[in-house]
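# Per-entry structural report
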Amino acid sequence: MNKLFTVVLILIEMTSFAQNNRIPSKGLAMFSKEVAFKPYEFSRHAIGDNDILIEILYSGICHSDIHTAKSEWGNTEYPIVPGHEIAGRVTKIGKNVTKFKVGDYAGIGCIVNSCGECDPCKNGEEQFCEKRMVGTYASKDQYHNNEITQGGYANNYVISANHAIKIQKNADMKKVAPLLCAGITTYSPIRFSKVKKGDNVAVAGFGGLGHMAVQYLVKIGANVTIFDINEDKRADAQRLGAVKYINVNNADELKGLNNQFSFIISTIPTKYDPMLYVRMLKKDGELAIVGVPASENRPILNVVSLIGVSHRKIYGSMIGGIPETQEMIDYSVANNIYPEVEIIPANGKAVDEAYQKVIDGKVKFRYVIDMKTLN
Ligand code: NDP
Ligand code: ZN
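Residues numbered from 1 in each chain as written. Chains lettered and ligands numbered in written order. Predicted model: local features only at pLDDT ≥ 70, side-chain atom pairs only at ≥ 80, totals over all residues. Heavy atoms only, no water.

## A short note on the overall build of the chain
- Assigned secondary structure in the chain consists of 10 helices and 19 strands.
- Taken over C-alpha atoms, the radius of gyration comes to 22 Å for the chain, in line with the 21 Å a tight globule of 375 residues would show.
- Taken over 375 residues, the chain has a buried fraction of 52%.
- Carbon and sulfur atoms form 53% of the exposed surface of the chain, whose accessible area is close to 17500 Å².
- Of the charged side chains in the chain, 43 are positive and 39 negative, and the gap between their average positions amounts to 3 Å. (Helix = DSSP H or I, 4+ residues; strand = E, 2+ residues; numbered from the N terminus. Rg over C-alpha atoms; globule rule 2.2 N^0.38 Å. Buried < 20%, exposed > 50% of the residue type's maximum accessible area, 1.4 Å probe, protein only. Areas by Shrake-Rupley, 256 points an atom, 1.4 Å probe, with all protein chains shown as cover. Lys, Arg positive; Asp, Glu negative; His and termini not counted. Charge placed at Lys NZ, Arg CZ, Asp CG, Glu CD.)

So, in structure tokens, the structure goes:
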């Protein structure tokens, strides 16, 4: 009985230690699906022995933030602080942490925790964790009382050190944040499909993700064609090294493109006809789907139509694991591959406007919030 009493006391003490040591945080949140960001104060779980506290310097705006914040993928719980493209500086470390020291630059992408024990985790594919990865925001954190995570449009983040990414001292911090999602989500399928020099490849959707895909593919030495709906981006395509720019709204430009490409990546965030791109694949060619349109706007694939263009492959790709994200950051910084960014201040009005401009196709190419300007 005495033993049980002691155990209960210890548990109570541990819980209250964790409660008392929660980390106060402030950020920008949406309180309903109408876009209107407002200041929001909340707290994050205590810094465990294997965790680090990061002071957030910059936070990118991904189209996934918009889909989630507007509840386009399902039932988003409010308030929500989005943001999974995070670049910052380590300000505290747990007692077991050796990967980082205070003062280091660090990045956070879409994964903040995973079991570390299943086969995918052991293979460095934490995005496929069999016990479910914990997402950076809007995700139930099973390692911390199932609390819902809040993202990076905020002043700080507490993350398991194993899931944070090391950022070199010489990195251009203003531009690093979008690599943590837009970068890895395009780098990963390009590697998975083993794209090589001289391949004819294409990028559908020339936005935040798409312009990263173009840069990685051009660096490899592939011949890149871009598909988009926006006439204003034609000159940018050439500037980034693409050989061709196709406005898919112009039927004439689409002629003669079937059986041309060994690899196509689709980042399109809305309804489109996937067969348009399947038909453009050469035999054995691969179409990687990374765009995740709203639930009400999902593209539909008529499977029978695949028979007429047999032996082409289609696969989905979700972000990338932690080791591959580290590899991507090291590669991008070493090769000076960065997103083109527009820096905005950390206030509700600026983020509201940025969301509308992403939806209207008026951003080139990624908004990044300067979190140091948060009041
Ligand atoms: P952006 O809005 O920055 O880019 C989307 C681009 O697609 C824009 O350039 C847009 O044109 C273009 N576009 C829209 N419709 C068409 C069309 N019919 N044909 C060709 N191009 C089109 O979004 P992001 O790059 O940030 O994200 C893209 C998608 O990827 C989103 O759905 C996002 O949720 C998803 N995503 C998926 C991840 C994964 O792990 N699989 C990770 C991160 C994001 P315009 O400029 O005119 O608007
Ligand atoms: Zn993203």
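## Examining helix 5 (residues 182–192)
- Counting buried residues in helix 5 gives nine out of 11 residues, a clear majority hidden from the surface.
- Buried positions along helix 5 lie against helix 6 (208–220), strand 15 (261–266), strand 16 (281–289), strand 17 (313–316), helix 9 (322–334) and strand 19 (366–370).
- Within two residues after helix 5, Lys 194 carries a phi angle of roughly 55°, on the positive side. (Contact = heavy atoms within 4.5 Å.)

## Quick look at the packing of helix 5 against helix 6
- Helix 6 packs onto helix 5 with a crossing angle of 45° between their chain directions and a minimal axis gap of 8 Å. When the axes of helix 5 and helix 6 are compared, the pair comes out oblique. The crossing of helix 5 and helix 6 is right-handed. Residues Ala 182, Gly 183, Thr 185, Thr 186, Tyr 187, Ile 190 and Arg 191 of helix 5 touch helix 6, and the partners they reach there are Gly 208, Leu 209, Met 212, Ala 213, Tyr 216, Leu 217 and Ile 220. (Axes fitted to C-alpha atoms, helices over the stretch in contact; angles between N-to-C directions. Parallel < 35°, antiparallel > 145°, perpendicular 65-115°, else oblique. Left-handed = near helix turned anticlockwise from the far one by under 90°.)

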